[in-house]
Amino acid sequence: MVVLGIETSCDETSAALVADGRRGLVDIVASQADLHARWGGVVPEVASRMHVERVLPVVQEAMEKAKITSAEIDGIAVTNRPGLIGALVVGVAAAKALALAWNRPLVGVHHLIGHIYACYLAEPRLVPPFVCLIVSGGHTELIYVDRTGECTVLGRTRDDAAGECLDKCARMLDLPYPGGAHLERLAEQGDPQRVPLPRAWLEGSADFSFSGLKTAVARYLRQNTHEIRREDVAAALQGAVVDVLVEKTVAAARSVGVEAIGIGGGVAANRTLSRAMADAALAVGIRCITPLPPLCTDNASMIAAAGYDRLIRGEDDGLGLDAAASAPLPRASSVEGT
Ligand code: KG4
Ligand code: ZN
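Let me sum up the structure you'll find in this document. For every chain, the first residue of the written sequence is number 1, and numbering continues from 1 along that sequence. Whichever chain is written first becomes A and whichever ligand is written first becomes 1, with later ones labelled in order. Thresholds applied to this predicted model are a pLDDT of at least 70 for local features of residues and 80 or more for the giving and counting of side-chain atom pairs; totals over whole chains, interfaces and linings are not thresholded and use all residues. Side-chain measures here rest on the full set of heavy atoms in the structure, leaving out hydrogens and waters.

**Let's talk about helix 9 (residues 271-283)**
Heads up, the rule is: Helix numbers and strand numbers start at the N terminus; a helix is a DSSP run of H or I with at least 4 residues, a strand a run of E with at least 2. Helices are assigned an expected span. That span is 1.5 Å times one less than the residue count. The buried label goes to any residue with under 20% of its type's maximum accessible area, the exposed label to any with over 50%, and the partly exposed label to all in between, with areas taken from a 1.4 Å probe on protein chains only. When we speak of the arc, we mean the arc of directions from the helix axis to the C-beta atoms. In this analysis, two residues are considered to be in contact whenever any of their non-hydrogen atoms come within 4.5 Å of each other. Between N or O atoms, a polar contact is any pair within 3.5 Å; within protein, one atom must be a potential hydrogen donor and the other a potential acceptor, and residues adjacent in sequence are included only when both atoms are from side chains.
Here helix 9 spans 18 Å end to end across 13 residues, near enough to the 18 Å set by a 1.5 Å rise per residue. All buried positions along helix 9 are accounted for by Leu273, Ser274, Met277 and Ala281. Buried residues of helix 9 fall within an arc of 95 degrees about the axis and therefore sit on the same side. Among the exposed residues of helix 9, those pointing more than 90 degrees away from its buried face are Arg275, Asp279, Leu282 and Ala283. Its buried side turned inward, helix 9 meets strand 6 (130-135), helix 8 (230-256), strand 9 (260-264) and strand 10 (287-289). The opening residue of helix 9 is Asn270, an N-cap whose side-chain oxygen sits 3.0 Å from the backbone nitrogen of Thr272. Within two residues after helix 9, Gly285 carries a phi angle of roughly 75 degrees, on the positive side.

**Points about the layout of surface pockets**
Our working rule: Both cavities and pockets are sets of points on a 1 Å grid over the protein atoms alone; in a cavity a 1.4 Å probe fits but cannot get out, in a pocket the set is open with protein on both sides within 12 Å along at least five of seven lines, and lining residues sit with an atom within 4 Å of a point. Grid points are joined across faces, edges and corners, and a volume is the space filled by probe spheres set on the points. Three classes are used, and their members are as follows: Ala, Val, Leu, Ile, Met, Phe, Trp, Tyr, Cys and Pro are nonpolar, Asp, Glu, Lys and Arg are charged, and the others, Gly among them, are polar. The split into domains, and so the bounds of each, comes from an automatic or database assignment of domains.
If you add up the space inside the largest pocket, you get close to 1,200 Å³. Around the largest pocket sit 43 residues that line it, and Ser136, Gly137, Asp167, Tyr177 and Pro178 are the ones nearest its centre. Of all the secondary-structure elements, those providing two or more residues to the lining of the largest pocket are helix 1 (33-37), helix 4 (111-122), helix 5 (162-172) and helix 6 (180-187). It is helix 5 that provides the largest number of residues to the lining of the largest pocket, a total of seven residues. Class assignment for the residues of the lining of the largest pocket results in 16 nonpolar, 17 polar and 10 charged. Shared between two domains, the lining of the largest pocket holds at least three residues of each, these being domain 1 (2-115 + 297-320) and domain 2 (127-294). Computed from the structure, the second largest pocket encloses a volume of approximately 460 Å³. Ile113, Tyr117, Gly149, Cys151 and Arg313 are, among the 22 residues lining the second largest pocket, the residues nearest its centre.

**What to know about the pattern of salt bridges**
Applied cut-off: What makes a salt bridge here is a side-chain nitrogen of Lys or Arg within 4 Å of a carboxyl oxygen of Asp or Glu, nothing more.
As enumerated under the stated definition, the model contains 18 salt bridges in all. Residue Arg22 is joined to Asp309 by a salt bridge in which the shortest nitrogen-to-oxygen separation is 3.9 Å. Of this pair, Arg22 sits in the loop between strand 2 (12-19) and strand 3 (23-31) while Asp309 sits in helix 11 (residues 301-311), and the two are 287 residues apart along the sequence. Note that Arg158 is salt-bridged to Asp207, the shortest N-O span being 3.0 Å. Linking Arg158 in the loop between strand 8 (151-156) and helix 5 with Asp207 in the loop between helix 6 and helix 7 (211-223), this pair joins segments that are 49 residues apart in sequence. Among the residues examined, Asp207 registers a relative accessible area of 6% and is labelled buried. Three or more residues are tied together by salt bridges with common partners; here these are Arg194, Arg229, Glu231 and Asp232.

**So, the coordination of the zinc ion (ligand 2)**
Under the convention used in this document: Excluding water, the donors of a metal are its N, O and S neighbours within 2.8 Å, or within 3.2 Å for Na, K and Ca, and that exclusion means sites may look incomplete. Only two sets of limits are used to name each site, 85 to 135 degrees for every angle of a tetrahedral four-donor site, and over 155 degrees for opposite donors with all other angles from 65 to 115 for a square planar four-donor or octahedral six-donor site, with any other site named irregular.
For the zinc ion (ligand 2), the full set of protein donor atoms is His111 (NE2), His115 (NE2) and Asp298 (OD), and the range of their distances to it is 2.1 to 2.2 Å. For the zinc ion (ligand 2), the four donor atoms are set out with angles of 91 to 153 degrees between them, so the coordination reads as irregular. Between consecutive donors of the zinc ion (ligand 2), the numbers of intervening residues give the motif H-x3-H-x182-D. Of this pair, His111 sits in helix 4 while Asp298 sits in the loop between helix 10 (293-296) and helix 11, and the two are 187 residues apart along the sequence. A single burial state applies to His111 and to Asp298, both of which are buried.

**Structural notes on the sheet that holds strand 8**
Backbone-to-backbone hydrogen bonds join strands into a sheet, with any given pair of strands oriented parallel or antiparallel. The condition that has to hold: One requirement defines pairing of two strands: DSSP has to find at least two bridges between them. Orientation is described by axes fitted as lines to C-alpha atoms, over the contacting stretch for helices, and by angles from 0 to 180 degrees between their N-to-C directions.
The strand order 8-7-6-9-10 describes an open sheet built from five strands, whose pairing is mixed. One side of each edge strand has no neighbouring strand; the edge strands of this open sheet are strand 8 and strand 10. Adjacent strand axes in the sheet meet at a mean angle of 25 degrees, parallel and antiparallel pairs treated alike. Note: strand 7 (residues 140-145) against strand 8, five bridges, orientation antiparallel. The residue bridging Glu141 from the neighbouring strand is Arg156, located in strand 8. Set on the sheet, helix 4 makes contact with strand 6, strand 7, strand 8, strand 9 and strand 10; between it and strand 6 the angle comes to about 120 degrees.

In short, shape yes, function no, at least from these values alone.
Dropping the structure here:
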C-alpha cells in the first residue's frame with residue numbers, strides 16, 4: 001500500500017510517499033525558515049500563504065521523483081492537529097481535494113503521533129511498548145506507547161518547549177532563527193563547565209520546565225557583559241537541556257519497564273542529545289532509536305507512516321475531516337510496571 005503524506009502544521013510544506021507504512025520512497029520539504037528568520041519566529045499568516053503556494057507543487061514533485069502516478073496511490077494522510085490553524089487547514093483542504101479527485105480514503109494524523117512514527121521508519125522492527133521523547137520548537141512530551149500502540153503522556157513541559165528555550169537563548173546570543181542547529185555548532189567550541197546554569201528536575205514528576213533556564217541565560221548575559229564567551233554559554237545551555245531530557249526520559253523508561261526509547265522532533269537532531277540518550281539508555285540495558293535529522297524535523301513521511309496504520313484497517317475520515325489548533329494527548333493514568 002502506497003500512502004501520500006502531507007504536512008503543513010507549522011513552517012514546512014512537505015509531501016511524501018511511503019510504501020507499506022515503513023519504507024520511505026520520497027520526501028519533499030519546502031522550508032520557510034529563511035522567510036520567517038527576519039521576524040525571529042514563525043509568522044502564522046505568512047506561513048499559511050506560503051503553504052497555499054507550495055502544497056500542490058511539493059505533492060507533484062514527490063510523485064515525479066518517485067515515478068508514482070495517482071493510480072498507484074492507495075490513500076492519503078494529512079496532519080490535521082495540533083498546529084497553526086491557518087497552516088493546518090491548507091494541508092487538510094489540499095488532501096481533501098486530492099482524495100475527492102482520486103477517489104481515495106483520507107485520514108487525519110496527530111502531529112505528535114507522526115513524530116513517534118519517525119521511529120518506526122528509522123527502525124522498522126521496532127515494536128511497542130516503548131517510551132518516546134518528542135522535543136521540538138512547540139513540544140516537549142514524554143509519551144508511553146503501550147503494546148497496542150496507544151499513546152499516553154507520562155510528562156510534558158509546564159512552560160517553554162525545549163526547542164523554544166534553545167531558540168530564544170540563541171537569539172540572545174545573536175544567532176539566526178531557528179537557533180537550535182546554530183547553537184549546536186557554537187557549543188562544539190565551548191566549555192559547558194564555565195557557565196553555571198540551573199536544571200529544573202521537578203522531582204517526583206516526569207514533567208519538564210525550561211523557562212527558568214531561559215531566564216538564567218538572560219541574567220548571565222546581562223551581568224557578565226565584558227567576559228562573555230558565547231561558545232561557553234551555548235555549551236552550558238545545551239548541556240543543561242540535554243542533562244534533564246536524558247535523565248528524566250531514562251528514569252521514565254525504567255519506571256514503566258520498557259526495553260526501548262525513541263526520540264523525535266527537531267531537537268532530537270542534536271547529536272549531543274542523541275549520543276547522551278543512547279549512552280545513558282545502554283548503561284541500563286535499554287536501546288535508543290534516533291531517526292536521522294530529516295526524520296526528526298517536520299516531514300510528511302512520518303505522517304504517511306502513521307496514516308498507514310489507520311488506512312490498512314479500512315478507516316476513512318472522508319471529506320468531513322476537520323483541523324484543530326490544540327489537541328493534547330491524554331495523560332497516562334496508570335501504566336503497567338509502575
Ligand atoms: O520538529 P520541528 O522541526 O518543528 C516543530 O514542530 O517545532 O522542530 C524545530 C525545533 C526548533 O526549535 C529548532 O531550533 C530545533 O528544533 N532544532 C535543533 C536542532 N535542529 C533543529 N535543536 C538543537 N539542535 C539541533 N541540531
Ligand atoms: Zn514537529
